[in-house]
Amino acid sequence: MCQKEEKVKKLLEDLYKQYNSFEQYQRDPIIFPHRYSDERDIEIAGLIASSFAYGRLELFMAVLDKIFKILGDSPADFVENFDFERDLKYFDGINYRFNNYIDVIALIYSISESIKKWGSLKNLFQHEFNKTNDIKSALIGFVNELKTCVNNEAYYHREVSRFDYLLISPEKGSACKRLNLFLRWMVRDKDIDFGIWKEAGKENLIIPLDTHVGDISRCLGLLRRKSNDWKAALELTNSLKKFDPHDPVKYDFALCHIGIDGVCNRNRCDNCEILKLLGQDL
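None of these values were measured; they are calculated from a predicted model.

### Looking at the overall build of the protein chain
So, step 1. Looking only at helices and strands, the protein chain features 16 helices and zero strands.
So, step 2. A total of 282 residues make up the protein chain; the buried ones form 55% of that total.
So, step 3. A separation threshold of at least 6 residues defines the contact pool for the protein chain, and within that pool the share at least 24 residues apart is 66%.
So, step 4. Accessible surface, the protein chain: about 12,800 Å² in total, of which carbon and sulfur atoms supply 45%.

Shown next as C-alpha coordinates:
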(Lines give C-alpha, C1' and ligand atoms only; values in the text may rest on other atoms or scores of the structure.)
Protein backbone atom coordinates (compact mmCIF):
# COMPACT_ATOMS: atom_id res chain seq x y z
CA MET A 1 0.00 0.00 0.00
CA CYS A 2 1.47 3.34 -1.06
CA GLN A 3 1.84 6.39 1.21
CA LYS A 4 -1.25 8.06 -0.27
CA GLU A 5 -3.37 4.96 0.39
CA GLU A 6 -2.01 4.72 3.93
CA LYS A 7 -3.13 8.31 4.61
CA VAL A 8 -6.58 7.66 3.15
CA LYS A 9 -6.96 4.47 5.18
CA LYS A 10 -6.00 6.26 8.40
CA LEU A 11 -8.51 9.02 7.68
CA LEU A 12 -11.28 6.51 6.93
CA GLU A 13 -10.54 4.58 10.11
CA ASP A 14 -10.60 7.80 12.15
CA LEU A 15 -13.91 8.86 10.58
CA TYR A 16 -15.32 5.36 11.09
CA LYS A 17 -14.57 5.60 14.81
CA GLN A 18 -15.81 9.19 15.05
CA TYR A 19 -19.17 8.50 13.41
CA ASN A 20 -19.76 5.12 15.03
CA SER A 21 -21.86 6.39 17.91
CA PHE A 22 -25.49 6.07 18.97
CA GLU A 23 -25.94 9.82 18.74
CA GLN A 24 -24.91 9.83 15.08
CA TYR A 25 -27.24 6.96 14.22
CA GLN A 26 -30.19 8.89 15.60
CA ARG A 27 -30.03 10.89 12.36
CA ASP A 28 -30.22 7.82 10.14
CA PRO A 29 -33.14 5.65 8.91
CA ILE A 30 -31.60 2.62 10.61
CA ILE A 31 -33.12 3.98 13.80
CA PHE A 32 -36.52 2.63 12.73
CA PRO A 33 -35.62 -1.09 12.60
CA HIS A 34 -33.74 -0.52 15.86
CA ARG A 35 -37.08 0.03 17.54
CA TYR A 36 -37.65 -3.73 17.40
CA SER A 37 -35.97 -6.85 18.74
CA ASP A 38 -37.75 -9.61 16.77
CA GLU A 39 -35.95 -10.52 13.53
CA ARG A 40 -39.28 -10.62 11.69
CA ASP A 41 -39.92 -7.00 12.62
CA ILE A 42 -36.34 -5.90 11.95
CA GLU A 43 -36.13 -7.15 8.36
CA ILE A 44 -39.54 -5.73 7.40
CA ALA A 45 -38.84 -2.40 9.11
CA GLY A 46 -35.43 -2.33 7.44
CA LEU A 47 -36.79 -2.80 3.94
CA ILE A 48 -39.49 -0.16 4.41
CA ALA A 49 -37.12 2.36 6.03
CA SER A 50 -34.39 1.94 3.42
CA SER A 51 -36.88 2.14 0.53
CA PHE A 52 -37.82 5.70 1.50
CA ALA A 53 -34.25 6.82 2.25
CA TYR A 54 -33.89 9.25 -0.63
CA GLY A 55 -33.92 13.04 -0.80
CA ARG A 56 -33.50 15.25 2.25
CA LEU A 57 -32.85 13.39 5.49
CA GLU A 58 -35.24 15.34 7.69
CA LEU A 59 -38.09 15.01 5.18
CA PHE A 60 -38.00 11.24 4.63
CA MET A 61 -37.40 10.62 8.33
CA ALA A 62 -40.65 12.48 9.08
CA VAL A 63 -42.55 10.36 6.53
CA LEU A 64 -41.10 7.15 7.93
CA ASP A 65 -42.13 8.19 11.41
CA LYS A 66 -45.74 8.45 10.20
CA ILE A 67 -45.57 5.03 8.53
CA PHE A 68 -44.11 3.29 11.57
CA LYS A 69 -46.70 4.80 13.89
CA ILE A 70 -49.29 2.99 11.74
CA LEU A 71 -47.31 -0.27 11.74
CA GLY A 72 -47.26 -0.18 15.53
CA ASP A 73 -45.42 -2.44 17.94
CA SER A 74 -44.94 -5.22 15.39
CA PRO A 75 -44.53 -4.39 11.68
CA ALA A 76 -44.43 -8.14 11.02
CA ASP A 77 -47.86 -8.70 12.55
CA PHE A 78 -49.29 -5.75 10.63
CA VAL A 79 -47.76 -6.83 7.31
CA GLU A 80 -48.58 -10.51 7.65
CA ASN A 81 -52.21 -9.71 8.46
CA PHE A 82 -52.48 -6.89 5.95
CA ASP A 83 -55.86 -6.41 4.27
CA PHE A 84 -56.14 -3.88 1.43
CA GLU A 85 -59.76 -2.84 1.97
CA ARG A 86 -59.43 -2.63 5.74
CA ASP A 87 -56.01 -0.97 6.02
CA LEU A 88 -55.92 1.40 3.05
CA LYS A 89 -57.49 4.22 5.04
CA TYR A 90 -54.62 4.33 7.53
CA PHE A 91 -52.14 5.47 4.87
CA ASP A 92 -54.33 8.00 3.08
CA GLY A 93 -52.48 11.30 2.82
CA ILE A 94 -48.95 9.90 3.25
CA ASN A 95 -46.98 11.23 0.29
CA TYR A 96 -43.28 11.80 -0.26
CA ARG A 97 -41.77 13.26 -3.41
CA PHE A 98 -42.21 10.65 -6.17
CA ASN A 99 -44.34 8.32 -4.07
CA ASN A 100 -47.91 8.47 -2.80
CA TYR A 101 -49.85 6.46 -0.24
CA ILE A 102 -50.80 3.80 -2.82
CA ASP A 103 -47.08 3.12 -3.32
CA VAL A 104 -46.71 2.63 0.44
CA ILE A 105 -49.59 0.17 0.36
CA ALA A 106 -48.06 -1.62 -2.64
CA LEU A 107 -44.74 -2.03 -0.81
CA ILE A 108 -46.46 -3.46 2.25
CA TYR A 109 -48.57 -5.77 0.10
CA SER A 110 -45.52 -7.03 -1.81
CA ILE A 111 -43.74 -7.83 1.46
CA SER A 112 -46.85 -9.52 2.85
CA GLU A 113 -47.29 -11.78 -0.18
CA SER A 114 -43.57 -12.62 -0.33
CA ILE A 115 -43.54 -13.65 3.31
CA LYS A 116 -46.57 -15.87 2.79
CA LYS A 117 -44.68 -17.62 0.00
CA TRP A 118 -41.15 -17.72 1.41
CA GLY A 119 -41.66 -17.49 5.17
CA SER A 120 -39.40 -14.43 5.48
CA LEU A 121 -37.58 -11.86 3.39
CA LYS A 122 -34.35 -13.53 4.42
CA ASN A 123 -35.45 -16.84 2.92
CA LEU A 124 -36.32 -15.13 -0.36
CA PHE A 125 -33.01 -13.29 -0.59
CA GLN A 126 -30.96 -16.32 0.44
CA HIS A 127 -32.72 -18.43 -2.20
CA GLU A 128 -31.66 -15.94 -4.87
CA PHE A 129 -28.14 -15.50 -3.47
CA ASN A 130 -27.48 -19.24 -3.33
CA LYS A 131 -27.96 -19.50 -7.09
CA THR A 132 -24.81 -17.55 -7.93
CA ASN A 133 -23.29 -16.18 -4.68
CA ASP A 134 -23.51 -12.79 -6.39
CA ILE A 135 -25.15 -9.76 -4.77
CA LYS A 136 -26.29 -8.19 -8.03
CA SER A 137 -28.01 -11.34 -9.28
CA ALA A 138 -29.57 -11.90 -5.87
CA LEU A 139 -30.96 -8.36 -5.76
CA ILE A 140 -32.42 -8.71 -9.25
CA GLY A 141 -34.26 -11.88 -8.24
CA PHE A 142 -35.30 -10.39 -4.89
CA VAL A 143 -36.80 -7.27 -6.50
CA ASN A 144 -38.48 -9.20 -9.31
CA GLU A 145 -40.23 -11.45 -6.80
CA LEU A 146 -41.48 -8.51 -4.75
CA LYS A 147 -42.73 -6.68 -7.83
CA THR A 148 -44.43 -9.77 -9.24
CA CYS A 149 -46.68 -9.88 -6.20
CA VAL A 150 -47.90 -6.36 -6.92
CA ASN A 151 -48.20 -6.65 -10.69
CA ASN A 152 -50.35 -9.75 -10.34
CA GLU A 153 -53.04 -7.67 -8.62
CA ALA A 154 -55.19 -5.68 -11.03
CA TYR A 155 -56.08 -2.87 -8.63
CA TYR A 156 -52.45 -2.25 -7.77
CA HIS A 157 -51.39 -2.41 -11.39
CA ARG A 158 -53.99 0.19 -12.22
CA GLU A 159 -53.41 2.60 -9.34
CA VAL A 160 -49.75 2.41 -8.35
CA SER A 161 -47.98 5.63 -9.27
CA ARG A 162 -44.23 5.16 -8.71
CA PHE A 163 -43.98 1.91 -6.78
CA ASP A 164 -41.06 0.83 -8.97
CA TYR A 165 -39.03 3.73 -7.59
CA LEU A 166 -39.16 2.23 -4.10
CA LEU A 167 -37.53 -1.00 -5.29
CA ILE A 168 -35.04 -0.25 -8.05
CA SER A 169 -33.29 -3.30 -9.47
CA PRO A 170 -29.61 -3.27 -10.52
CA GLU A 171 -30.65 -5.07 -13.70
CA LYS A 172 -30.29 -1.90 -15.81
CA GLY A 173 -27.18 -0.60 -14.07
CA SER A 174 -28.55 1.39 -11.14
CA ALA A 175 -26.30 1.69 -8.10
CA CYS A 176 -29.28 0.59 -5.96
CA LYS A 177 -28.11 2.64 -3.01
CA ARG A 178 -31.18 1.90 -0.89
CA LEU A 179 -31.21 -1.87 -1.41
CA ASN A 180 -27.47 -2.08 -0.73
CA LEU A 181 -28.10 -0.01 2.40
CA PHE A 182 -30.77 -2.51 3.45
CA LEU A 183 -28.33 -5.39 2.88
CA ARG A 184 -25.66 -3.62 4.92
CA TRP A 185 -28.08 -3.41 7.83
CA MET A 186 -29.13 -7.04 7.54
CA VAL A 187 -25.79 -8.71 6.74
CA ARG A 188 -23.10 -6.82 8.69
CA ASP A 189 -22.79 -8.15 12.24
CA LYS A 190 -20.84 -5.23 13.69
CA ASP A 191 -21.53 -1.78 15.06
CA ILE A 192 -25.21 -0.86 14.79
CA ASP A 193 -25.95 -3.22 11.87
CA PHE A 194 -28.00 -6.30 12.73
CA GLY A 195 -26.24 -9.33 11.21
CA ILE A 196 -29.45 -11.36 10.93
CA TRP A 197 -28.72 -12.31 7.28
CA LYS A 198 -25.00 -12.83 7.77
CA GLU A 199 -24.98 -16.02 5.68
CA ALA A 200 -24.52 -13.80 2.61
CA GLY A 201 -21.19 -12.58 4.02
CA LYS A 202 -20.29 -8.97 4.65
CA GLU A 203 -17.27 -9.35 2.36
CA ASN A 204 -19.72 -9.70 -0.54
CA LEU A 205 -21.62 -6.47 0.16
CA ILE A 206 -21.60 -3.53 -2.24
CA ILE A 207 -21.23 0.05 -0.96
CA PRO A 208 -24.53 2.00 -0.89
CA LEU A 209 -23.49 4.66 -3.40
CA ASP A 210 -25.26 8.01 -3.45
CA THR A 211 -24.25 11.59 -4.25
CA HIS A 212 -22.57 12.17 -0.87
CA VAL A 213 -20.58 8.94 -0.93
CA GLY A 214 -19.64 9.41 -4.57
CA ASP A 215 -18.40 12.97 -4.09
CA ILE A 216 -16.26 12.26 -1.05
CA SER A 217 -14.88 9.07 -2.65
CA ARG A 218 -13.75 10.99 -5.73
CA CYS A 219 -12.24 13.60 -3.45
CA LEU A 220 -10.24 10.84 -1.75
CA GLY A 221 -9.19 9.26 -5.05
CA LEU A 222 -11.16 6.09 -4.37
CA LEU A 223 -13.50 6.49 -7.34
CA ARG A 224 -12.77 7.60 -10.89
CA ARG A 225 -16.04 6.80 -12.65
CA LYS A 226 -18.18 9.92 -13.00
CA SER A 227 -21.63 8.30 -12.97
CA ASN A 228 -23.07 7.03 -9.69
CA ASP A 229 -24.14 3.66 -11.14
CA TRP A 230 -23.58 -0.01 -10.36
CA LYS A 231 -20.14 -0.02 -12.00
CA ALA A 232 -19.12 2.91 -9.81
CA ALA A 233 -20.41 1.13 -6.70
CA LEU A 234 -18.29 -1.91 -7.61
CA GLU A 235 -15.24 0.26 -8.28
CA LEU A 236 -15.56 2.00 -4.92
CA THR A 237 -16.19 -1.27 -3.08
CA ASN A 238 -13.04 -2.77 -4.60
CA SER A 239 -11.07 0.32 -3.55
CA LEU A 240 -12.33 -0.04 0.02
CA LYS A 241 -11.42 -3.74 0.03
CA LYS A 242 -7.78 -2.66 -0.04
CA PHE A 243 -8.33 -1.26 3.46
CA ASP A 244 -10.60 -3.99 4.81
CA PRO A 245 -11.20 -6.96 2.47
CA HIS A 246 -13.48 -8.68 4.98
CA ASP A 247 -15.75 -5.70 5.69
CA PRO A 248 -15.38 -2.99 3.02
CA VAL A 249 -18.76 -1.31 3.57
CA LYS A 250 -18.01 -0.52 7.21
CA TYR A 251 -16.97 2.95 6.02
CA ASP A 252 -20.36 3.64 4.43
CA PHE A 253 -22.00 5.49 7.31
CA ALA A 254 -19.07 7.85 7.84
CA LEU A 255 -18.67 8.55 4.11
CA CYS A 256 -22.36 9.36 3.76
CA HIS A 257 -22.71 11.54 6.83
CA ILE A 258 -19.58 13.61 6.37
CA GLY A 259 -21.16 14.60 3.07
CA ILE A 260 -24.49 15.37 4.74
CA ASP A 261 -22.68 17.38 7.42
CA GLY A 262 -20.82 19.41 4.80
CA VAL A 263 -17.36 18.23 5.84
CA CYS A 264 -16.67 17.61 2.15
CA ASN A 265 -17.74 20.58 0.03
CA ARG A 266 -17.89 19.32 -3.56
CA ASN A 267 -18.40 22.86 -4.83
CA ARG A 268 -15.40 24.37 -2.99
CA CYS A 269 -12.45 22.00 -2.98
CA ASP A 270 -10.26 24.85 -1.75
CA ASN A 271 -12.36 24.85 1.42
CA CYS A 272 -12.70 21.08 1.87
CA GLU A 273 -11.99 19.87 5.40
CA ILE A 274 -11.12 16.39 4.09
CA LEU A 275 -8.35 17.70 1.86
CA LYS A 276 -7.08 19.86 4.72
CA LEU A 277 -6.79 16.75 6.88
CA LEU A 278 -5.04 14.74 4.19
CA GLY A 279 -2.91 17.42 2.68
CA GLN A 280 -3.41 19.04 -0.70
CA ASP A 281 -1.05 16.56 -2.40
CA LEU A 282 -4.00 14.16 -2.67
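### Some words on helix 6 (residues 84–91)
So, step 1. Of all the residues in helix 6, the buried ones are F84, D87 and F91. Buried residues along helix 6 cover an arc of 85° about the axis, so they all sit on one side. Helix 6 presents E85 and K89 as exposed residues on the side facing more than 90 degrees away from its buried surface.
So, step 2. Near the N-terminus of helix 6, the side chain that reaches the backbone nitrogen of E85, with its oxygen 3.3 Å away, is that of D83.
So, step 3. Following helix 6 by one or two positions, G93 adopts a phi angle in the positive range, close to 95°.

### What to know about the layout of surface pockets
So, step 1. Within this model, the largest pocket holds a volume of roughly 650 Å³.
So, step 2. Secondary-structure elements contributing two or more residues to the lining of the largest pocket are helix 4 (57–71), helix 11 (163–166), helix 12 (177–187), helix 13 (211–219) and helix 15 (252–260).
So, step 3. In terms of residue count, the dominant contributor to the lining of the largest pocket is helix 12 (six residues).
So, step 4. In terms of residue class, the lining of the largest pocket is made up of 19 nonpolar, six polar and seven charged.
So, step 5. The volume enclosed by the second largest pocket comes to roughly 160 Å³.
So, step 6. Taken together, V143, N144, K147, D164, L167, I168, S169, E171 and K172 form the lining of the second largest pocket.
So, step 7. Tallied by class, the residues present in the lining of the second largest pocket amount to three nonpolar, two polar and four charged.

### Here's the deal with unusual backbone geometry
So, step 1. Residue R97 is not a glycine yet carries a positive backbone phi of 45°.
So, step 2. Here N133, not a glycine, exhibits a phi torsion of approximately 55°, which is positive.
So, step 3. Note on placement: N133 falls in the loop between helix 8 (121–132) and helix 9 (135–151).
So, step 4. For N133, a relative accessible area of 53% corresponds to the exposed category.

### What about the pattern of salt bridges?
So, step 1. Inspection of every chain in the model, using the stated rule, returns 23 salt bridges.
So, step 2. Among the salt bridges present, the one from R86 reaches D87, with a minimum N-O distance of 2.9 Å.
So, step 3. For D87, a relative accessible area of 3% corresponds to the buried category.
So, step 4. Put simply, R225 and D229 hold a salt bridge, and the shortest N to O gap is 2.8 Å.
So, step 5. Here the salt bridges do not stand alone but share partners, grouping R184, R188, D191, D193, D247 and D252 into one network.

### Digging into the nonpolar core
So, step 1. Core analysis: the largest hydrophobic core is formed by 95 residues, its most contacted members being I48, F125, F142 and W197.
So, step 2. Residues within four places of I48 in sequence aside, it is in contact with L64, I67, F68, L71, L107, I108 and I111.

Definitions and cut-offs
Residues numbered from 1 in each chain as written. Predicted model: local features only at pLDDT ≥ 70, side-chain atom pairs only at ≥ 80, totals over all residues. Heavy atoms only, no water. Helix = DSSP H or I, 4+ residues; strand = E, 2+ residues; numbered from the N terminus. Buried < 20%, exposed > 50% of the residue type's maximum accessible area, 1.4 Å probe, protein only. Contact = heavy atoms within 4.5 Å. Areas by Shrake-Rupley, 256 points an atom, 1.4 Å probe, with all protein chains shown as cover. Arc of directions from axis to C-beta. Polar contact = N/O pair within 3.5 Å; in protein donor to acceptor, adjacent residues only side chain to side chain. 1 Å grid on protein atoms, 1.4 Å probe; cavity = no way out; pocket = protein on both sides within 12 Å on 5 of 7 lines; lining within 4 Å. Points joined across faces, edges and corners; volume = space filled by probe spheres on them. Nonpolar A, V, L, I, M, F, W, Y, C, P; charged D, E, K, R; others polar. Salt bridge = Lys/Arg side-chain N within 4 Å of Asp/Glu carboxyl O. Core = buried A, V, L, I, M, F, W, Y, C linked by side-chain atoms within 4.5 Å.

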